[in-house]
Amino acid sequence: MTSRMSKSQRTDERWFILALLCVPVFLGSLDLTVVSAFLPNLLSELGLSLSPDGLGDVSWVLTSYLLAYSISLFVMGRISDYFGRKETLIACIIIYLAGSGLLVGYDVIVASLRDVLATFEIYPASSTLNVGVIVFARMVAALGAGAITSIAIALMSDIFQPDERTLPLGIIMAMDTVGWLLGAAWGGLLIQLMPWQGIFLVNMPVIIIVLVVLARALDVPRQGHQRQRNQHFDFLGLIALIGTLTSLNIALVNLTNQDTLIVWGALTVICAIAFVFSQLRTHQPLIDLRLMRQKSTAVATFLNFVIGYCIFISLVSVPLLVNVRNLDEIGFAAAFTSIRNTALQDASLQTGVLMAAFTVPLALASVIGGSLSNRLGLARTTLLGLLMALTGFGAIWNQLSLQLPDIQLALLMALAGTGIGLTFAPVIAATLENVSDQRRGMASSLVLGVRMVGMTIATSTLSVFSAERIIDLVIATEGGRFPLEIVDPDDYATIFSTTYITAAVQAVSEMAMIGFFLTALILLPALFLPGKATK
């Protein structure tokens, strides 16, 4: 017995289900980055200061969602192998709805909690209680949202034959990617029209409608998973995985704090070793590492991690480049806070346009890559995408300067984005190649979880790299002619504006160089992907 839908299911029904799944996939990934749009409003509403402590508290509103989303990506696909795709998907959509509802009504919950705690003579700080409830609500929503994407991928593999599934897989990945890429812009638009809670409220009616229709339209027999339900669930592996991801996230947040980094980095390694050990010892692992014995799965997993990292090279470097270009235009006027802030605000539109030059082709190419894989095969489509990304990153590395026209930079970024997008569907299809029906949810979780880890590591390491590299270059240039010990590094941009701008451009160029060498690194492994998906 399998979870595969009836072979007689009509083609239009399958595509209708795909269209339905795209809605919660998109909205769930939208919430990954939407919070960045209302963080200033949240700081003000909760009475938190702009000090490191205040920003640190509210940053957990973003970090908690990312952490819970990552855990859900790894775990819930496997749970759907046990309990059935339809049952798990419906449950996770309800969980996502519950988290969104908690966010919308968080102030009522805080008031109730305060009354309950007061009966025990416990009086927590108002800001602490508020942040705690919001963080909890975000984590609940993320546990549902992350699962939706991994289960959707498994479902596409269930209802489409191997030689048909690359296009629907590409569409699911496009919706997932577009969601978190547009999150900040969508939130920024809505926050102009309504309180920040409204950002989550507007999603709820849409999700409820999709939930009702999916419950009726999705025809996946429960009995296909009866045997799996009678087997042992890997709770030890789950605990080790949660420990690994939690420690990793905390370590990455503290990359510049050596002592804290060492402690949490060591804990990450310990938990990761425990996770690997537990997966190899149990007969029913959460993530069966024995899948890596299959060449296509091992290669695709490695490619997926590197591709996840490369995605964020442009997303980290573009805002930095645009901001320093604007500082170059206003020159010494950057010393005046009001003028500098105006210039940086004006840079937002330019940043959005250049980001779109990368992200829009990426999303479109992820769909095209699915269709192209059916014609060229998985390996050739992936190689074509990597060569395009290699060319784009290499051209940016060699040509980037303050004088490079925006249109030329946008074209190069579009080339890199298109290349990365083309790899999405074939890499996922290769991961699912030769995976049994009972383990397809696990494989889907592996695909998305590994990519998310790559993106998370990229966000922290590239941000630290750019900041530290700029400072090093400024010191190397100005150290011999100015007593730098009397200048705060935060003031380098105004005191040494010309040197700082030159250093920032070089740092962005070097990030493109990193993208070039990473894509070159995975060209050879991509040759070992399968040709066409097995029929």
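All values reported here derive from a predicted model rather than from experimental measurement.

Enquirer: Sorry, what's going on with the packing of helix α5 (residues 106-119) against helix α6 (residues 126-159) here?
Expert: Between two packed helices, what matters for the description is the angle formed by their axes and the separation of those axes. In contact at an axis separation of 10 Å, α5 and α6 are set at 125° when each is read in the N-to-C sense. Taken together, α5 and α6 sit at an angle that is classed as oblique. With respect to the hand of their crossing, α5 and α6 are arranged in right-handed fashion. Here α5 contributes Tyr106, Ile109, Val110, Leu113, Arg114 and Leu117 to the contact with α6, which in turn contributes Ser126, Leu129, Asn130, Val133 and Ile134.

Enquirer: For this particular structure, what's the right way to read the nonpolar core?
Expert: Most often, soluble globular proteins have nonpolar side chains that are buried together. One finds Leu21, Val75, Leu89, Met156, Ile311 and Ile420 to be the most contacted residues of the largest nonpolar core, which totals 135 residues. Looking at this core, the element that brings in the most residues is helix α13 (residues 295-330), giving 17 residues. Setting aside residues up to four positions removed in sequence, Met156 forms contacts with Leu18, Leu21, Arg165, Pro168, Leu169 and Ile172. Judged by nonpolar contacts, the second largest core, of 20 residues, contains Val35, Leu42, Val61 and Val133.

Enquirer: Can you walk me through the layout of surface pockets in this structure?
Expert: Over the atoms rolls a probe the size of a water molecule, and its path tells where empty space is left. As a volume, the second largest pocket reaches approximately 390 Å³. Forming the walls of the second largest pocket are 17 residues, and the residues nearest its centre are Phe74, Leu241, Thr244, Phe275 and Val453. Every element with two or more residues in the lining of the second largest pocket is listed here: α11 (235-253), α12 (258-281) and α17 (440-478). A breakdown of the residues in the lining of the second largest pocket according to their chemical character gives 14 nonpolar, three polar and no charged.

What counts, and where the lines are drawn
- Residues numbered from 1 in each chain as written.
- Predicted model: local features only at pLDDT ≥ 70, side-chain atom pairs only at ≥ 80, totals over all residues.
- Heavy atoms only, no water.
- Axes fitted to C-alpha atoms, helices over the stretch in contact; angles between N-to-C directions.
- Helix = DSSP H or I, 4+ residues; strand = E, 2+ residues; numbered from the N terminus.
- Parallel < 35°, antiparallel > 145°, perpendicular 65-115°, else oblique.
- Left-handed = near helix turned anticlockwise from the far one by under 90°.
- Contact = heavy atoms within 4.5 Å.
- Core = buried A, V, L, I, M, F, W, Y, C linked by side-chain atoms within 4.5 Å.
- Buried < 20%, exposed > 50% of the residue type's maximum accessible area, 1.4 Å probe, protein only.
- 1 Å grid on protein atoms, 1.4 Å probe; cavity = no way out; pocket = protein on both sides within 12 Å on 5 of 7 lines; lining within 4 Å.
- Points joined across faces, edges and corners; volume = space filled by probe spheres on them.
- Nonpolar A, V, L, I, M, F, W, Y, C, P; charged D, E, K, R; others polar.

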